[in-house]
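Breakdown of the fold
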Amino acid sequence: MDRKRIAVDVICQHSKDGSLIPMRVRVKDTEGEYQIYNIKEYKDLSHQGTKLMPDGVFVTNNTFVYECKIIVFGVKKLIRLYYELNNTIWHMTY
């Protein structure tokens, strides 16, 4: 299943062991306005080798992958965040 992959702004925390913890994501809506969502839960799916994710994104060991839950208009939504070390860009699929 191919999902739409868009570039997003992410605020994250760097822990003392070097891991990243995504905390907030900022996305442009269809009208060009920024919407900010706090990440309520996340699961780190990084460093599991080179593979194709269920949403159609190809990842390597150099890609951080997070499955996150956010609240949109009172409804819990599942998104995936991808951080590519080579070009320091965050992407999101939903």
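An account of the accompanying structure is given in this report. (Residues numbered from 1 in each chain as written. Predicted model: local features only at pLDDT ≥ 70, side-chain atom pairs only at ≥ 80, totals over all residues. Heavy atoms only, no water.)

1. Details of the sheet that holds strand β8 (residues 75-84)
Read from one edge to the other, the open sheet built from seven strands follows the order β1-β9-β8-β7-β4-β3-β2, with strand pairing classed as antiparallel. In the strand order of this sheet, the two ends are held by β1 (5-7) and β2 (9-14), each with one partner. In this sheet, neighbouring strand axes are inclined to one another by 35 degrees on average, regardless of whether the strands run parallel or antiparallel. Taken together, the six bridges between β2 and strand β3 (residues 20-28) define a ladder with antiparallel strand orientation. The residue bridging Gln13 from the neighbouring strand is Ile21, located in β3. (Pairing = 2+ DSSP bridges. Helix = DSSP H or I, 4+ residues; strand = E, 2+ residues; numbered from the N terminus. Axes fitted to C-alpha atoms, helices over the stretch in contact; angles between N-to-C directions.)

2. Overview of the side chain of Glu84
Within the fold, Glu84 resides in strand β8. Its relative accessible area of 18% is what places Glu84 among the buried residues. Separated by 3.0 Å, the side chains of Glu84 and Asn87 make a polar contact. Every residue in contact with Glu84, bar those within four places of it in the chain, is listed here: Arg5, Asn62, Thr63, Ile89 and His91. (Buried < 20%, exposed > 50% of the residue type's maximum accessible area, 1.4 Å probe, protein only. Polar contact = N/O pair within 3.5 Å; in protein donor to acceptor, adjacent residues only side chain to side chain. Contact = heavy atoms within 4.5 Å.)

3. Let's talk about the environment of Gly56
By the element assignment, Gly56 lies in the loop between β5 (51-52) and β6 (58-59). What makes Gly56 partly exposed here is its relative accessible area of 30%. Spatially, the C-alpha atom of Gly56 lies 9.3 Å from that of Arg5, the residues being 51 residues apart in sequence.

4. Let's talk about the nonpolar core
The nonpolar side chains of soluble globular proteins are, as a tendency, buried together. Among the nonpolar cores identified, the biggest contains 18 residues, and Val8, Val25, Tyr66, Ile79, Leu81, Trp90 and Met92 are the most heavily contacted of them. When contributions to this core are tallied by element, the ones reaching two or more residues are β3, β4 (34-44), β7 (63-72), β8 and β9 (89-93). The leading source of residues in this core is β7, at five residues. Contact partners of Val25, with chain neighbours within four places excluded, come to Val8, Asp9, Val10, Gln35, Ile36, Tyr37, Ile79, Leu81 and Met92. In this structure, Met53, Val57, Val59 and Val65 belong to the second largest nonpolar core, which totals six residues. (Core = buried A, V, L, I, M, F, W, Y, C linked by side-chain atoms within 4.5 Å.)

Geometry only, nothing functional implied.
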